[in-house]
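Residues per chain are reported as follows:
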Amino acid sequence: MYREAVRKADHAHDEDGKRYYVMPSAEGKLLIVDRENFRILKRKHYISGKATVQDLLNECFYHTPYRNGDLAIDPFVREVKKQQYFSWREALLKLKKNRKKK
């Protein structure tokens, strides 16, 4: 799921050059979001109105570089973010398992 989301974000970036972020959703799926869609999600209250683009950057599992190629994800940071994804996925599976028991 992670590799597919990264592939889709890179493909979208190649298409229009925007910066895309791979974010977790409450349903356990991964969302590919750019800044414009992030603002729309905030407006519709799917995301807290206090959330900032810096929060988006901190919480994402992967991000593409800017249009001019600056600030691509560092290989070390990418590995840390990947481990974050696996931790999130594991916690989600435990939560589902506990709900089934009850």
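Scroll up for the structure.
Per chain, residues are indexed from 1 in the order of the written sequence. Restriction of local features to residues with pLDDT of at least 70 applies here, the model being predicted, together with a cutoff of 80 or more for giving and counting side-chain atom pairs; totals for whole chains, interfaces and linings are based on all residues. Hydrogens and waters are ignored; side-chain quantities use all the structure's heavy atoms.

### Focus on the sheet that holds strand β2 (residues 30-33)
Strand order in this open sheet of 3 strands is β2-β1-β3, and the pairing throughout is antiparallel. The sheet is open, and its two borders are formed by β2 and β3 (62-63), each paired with just one other strand. Strand direction decides the pairing type here: strand β1 (residues 21-24) and β2, joined by 4 bridges, are antiparallel. Looking at the pairing, P24 lines up with L30 of β2. Paired strands are those between which DSSP finds at least two bridges. Strands are runs of DSSP state E lasting at least two residues, helices are runs of H or I lasting at least four, and both sets are numbered from the N terminus onward.

### Here's the deal with the environment of K8
Structurally, K8 is set in helix α1 (residues 2-16). We classify K8 as partly exposed; its relative accessible area is 47%. Each C-alpha atom of the pair K8 and N37 lies 15 Å from the other, and the pair is 29 residues apart in sequence. Three exposure classes are used, based on accessible area relative to the maximum for each residue type with a 1.4 Å probe and protein chains only: buried under 20%, partly exposed in between, and exposed over 50%.

### So, the pairing of β1
Where β1 folds back onto β2 in an antiparallel hairpin, the turn is made up of 5 residues, including G28, whose phi is positive at roughly 90°. Sheet analysis places β1 next to β3, joined by 2 bridges and oriented antiparallel. Looking at the pairing, V22 lines up with Y62 of β3.

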